[in-house]
Amino acid sequence: MINASNIHKSFGNVEVLKGVDLHIKKGEIACIVGSSGAGKSTLLQIIGTLEKADKGCISINNQDVTSLNSKQLASFRNTQIGFIFQFHHLLPEFTALENICIPAYIAGVSQKEAEEKAMELLEYMNLTDRKDHKPSMLSGGEQQRIAVARALINNPSIVLADEPSGNLDSQSAKELHELFFKLRDKTNQTFVIVTHNPQLAEMADTTYKMKDGLIIFDKN
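None of these values were measured; they are calculated from a predicted model.

Looking at the overall build of the chain
Counting its regular elements, the chain contains seven helices and 10 strands. Against the compact-globule benchmark of 17 Å for 220 residues, the chain has a radius of gyration of 17 Å, which places it among compact chains. A principal-axis box enclosing the C-alpha atoms of the chain has dimensions of 45 × 40 × 35 Å. Scored against the burial criterion, the 220 residues of the chain give a buried share of 49%. Considering only intrachain contacts with a sequence separation of at least 6, the fraction spanning at least 24 residues in the chain is 68%. Counting every atom, the chain has about 10700 Å² of accessible surface; 49% of that belongs to carbon and sulfur. Distance from the positive charge centre (23 side chains) to the negative charge centre (26 side chains) of the chain: 3 Å.

A few points about the nonpolar core
Core analysis: the biggest nonpolar cluster contains 36 residues, and I100, I146, V148, F180 and I193 have the highest contact counts within it. Counting residues per element, the ones that place at least two in this core are strand 3 (29–33), helix 3 (96–106), helix 4 (111–124), helix 5 (140–152), strand 7 (158–162), helix 6 (170–187) and strand 8 (190–194). Ignoring any residue separated from it by four or fewer positions in sequence, one finds I100 in contact with A118, L121, L122, I146, A149, R150 and I153.

Let's talk about the pairing of strand 6 (residues 81–84)
The side chains of a regular strand alternate between both faces of the sheet. Burial along strand 6 is two-sided: the residues I81 and F83 and G82 and I84 are all buried. Sheet topology note: the strand 6/strand 7 ladder contains four bridges and is parallel. Looking at the pairing, F83 lines up with L160 of strand 7.

So, the packing of helix 5 against helix 6
Orientation of helix 5 relative to helix 6, taken along the N-to-C sense of each, is 20°, at an axis distance of 10 Å. Put simply, helix 5 runs roughly parallel to helix 6. Where helix 5 crosses over helix 6, the two elements pack in a sense that is right-handed. Where helix 5 abuts helix 6, its residues G141, Q144, R145, V148 and L152 lie against S172, L176, L179, F180 and L183. A breakdown of the residues in the contact of helix 5 with helix 6 according to their chemical character gives six nonpolar, three polar and one charged.

Describing helix 5
The terminal C-alpha atoms of helix 5, which comprises 13 residues, lie 19 Å apart, in line with the 18 Å expected from a rise of 1.5 Å per residue. Counting buried positions over the 13 residues of helix 5 gives 11, a clear majority of the element. Residues of helix 5 that are buried: G141, E142, Q143, Q144, I146, A147, V148, A149, R150, A151 and L152.

A few points about the sheet that holds strand 5 (residues 63–64)
In spatial order, the strands read 2-1-4-5; together these four strands make up an open sheet with antiparallel pairing. Of all the strands in the sheet, the pair left with one neighbour each is strand 2 (14–24) and strand 5. In this structure, strand 1 (residues 2–11) lies alongside strand 2, joined through eight bridges in antiparallel fashion. The residue of strand 2 that forms the bridge with I2 is I24. Relative to strand 2, helix 1 (residues 40–47) is tilted by about 60°, and along the sheet it contacts strand 1, strand 2 and strand 4 (55–60).

With respect to the packing of helix 3 against helix 5
Running from amino to carboxyl end, helix 3 crosses helix 5 at an angle of 30°, the nearest separation of the two axes being 7 Å. In terms of orientation, helix 3 and helix 5 fall into the roughly parallel class. Taken as a pair, helix 3 and helix 5 cross one another with a handedness that is right-handed. Contacts between helix 3 and helix 5 involve A96, N99, I100 and P103 from the first element and I146, A149 and R150 from the second.

Quick look at the layout of surface pockets
Reported here for the largest pocket is a volume of approximately 410 Å³. Contributing to the lining of the largest pocket are 18 residues, with N78, I81, F83, P103 and R150 lying nearest its centre. Listed by contribution, the elements that provide at least two residues to the lining of the largest pocket are helix 2 (70–80), strand 6, helix 3 and helix 5. The element contributing the most residues to the lining of the largest pocket is helix 3, with four residues. Of the residues that constitute the lining of the largest pocket, the class distribution is 11 nonpolar, five polar and two charged. For the second largest pocket, the full set of lining residues is K117, E120, L121, Y124, L152, N155, P156, L183, K186, T187 and Q189. At the level of elements, helix 4 and helix 6 are the ones that each hand at least two residues to the lining of the second largest pocket. Here the residues of the lining of the second largest pocket are counted per class, giving five nonpolar, three polar and three charged.

So, how was this worked out
Residues numbered from 1 in each chain as written. Predicted model: local features only at pLDDT ≥ 70, side-chain atom pairs only at ≥ 80, totals over all residues. Heavy atoms only, no water. Helix = DSSP H or I, 4+ residues; strand = E, 2+ residues; numbered from the N terminus. Rg over C-alpha atoms; globule rule 2.2 N^0.38 Å. Buried < 20%, exposed > 50% of the residue type's maximum accessible area, 1.4 Å probe, protein only. Contact = heavy atoms within 4.5 Å. Areas by Shrake-Rupley, 256 points an atom, 1.4 Å probe, with all protein chains shown as cover. Lys, Arg positive; Asp, Glu negative; His and termini not counted. Charge placed at Lys NZ, Arg CZ, Asp CG, Glu CD. Core = buried A, V, L, I, M, F, W, Y, C linked by side-chain atoms within 4.5 Å. Pairing = 2+ DSSP bridges. Axes fitted to C-alpha atoms, helices over the stretch in contact; angles between N-to-C directions. Parallel < 35°, antiparallel > 145°, perpendicular 65-115°, else oblique. Left-handed = near helix turned anticlockwise from the far one by under 90°. Nonpolar A, V, L, I, M, F, W, Y, C, P; charged D, E, K, R; others polar. Expected span 1.5 Å × (residues − 1). 1 Å grid on protein atoms, 1.4 Å probe; cavity = no way out; pocket = protein on both sides within 12 Å on 5 of 7 lines; lining within 4 Å. Points joined across faces, edges and corners; volume = space filled by probe spheres on them.

And the structure:
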């Protein structure tokens with residue numbers, strides 16, 4: 001599903017990634033761990049086509065993304081990749097239902113179809129009664145589950161998450177982690193998660209440890 005070979009990335013004079021190789025199978029939940037500054041988030045952003053590598057190749061679902069232009073990349077991201085961040089980035093003026101629908105609208109899906117899919121996701125996450133609530137009326141765990149639903153609305157092949165439980169209490173974090181595995185078992189989507197949470201890393205199918213811009217080992 002994801003093949004990254006010899007990925008290099010520098011910002012100014014700072015070399016952040018120094019030749020990373022990463023191979024993740026379809027339906028796998030992979031965690032990337034390591035200390036701050038190891039290059040985890042940069043690698044995730046490059047896999048997600050939000051950043052361009054200075055050198056190296058990335059193939060996602062048999063598509064060489066390094067050969068796509070900006071417009072093609074935007075379309076690829078919208079339909080093939082779902083993003084979940086540490087901060088949920090929900091738009092405060094919109095309801096939970098409306099926030100979930102936004103990527104579908106961008107993809108050209110009709111309002112009726114988008115709302116039907118969003119309601120399915122809300123029901124799956126036990127948040128149907130929160131559909132008309134704005135983010136300020138939701139708990140931290142509820143906000144992050146809405147962000148997960150938003151990431152899933154276009155049925156992406158891959159879900160990328162950067163410290164998704166970093167701002168949650170331990171119970172909400174546990175529930176979110178369990179949700180990822182339930183979703184994987186239901187949809188066979190591939191999850192790549194950057195985390196400092198040892199419990200989540202232990203649950204993953206594969207854990208990659210990064211240090212100083214390189215993957216120093218992986219554990220299956």
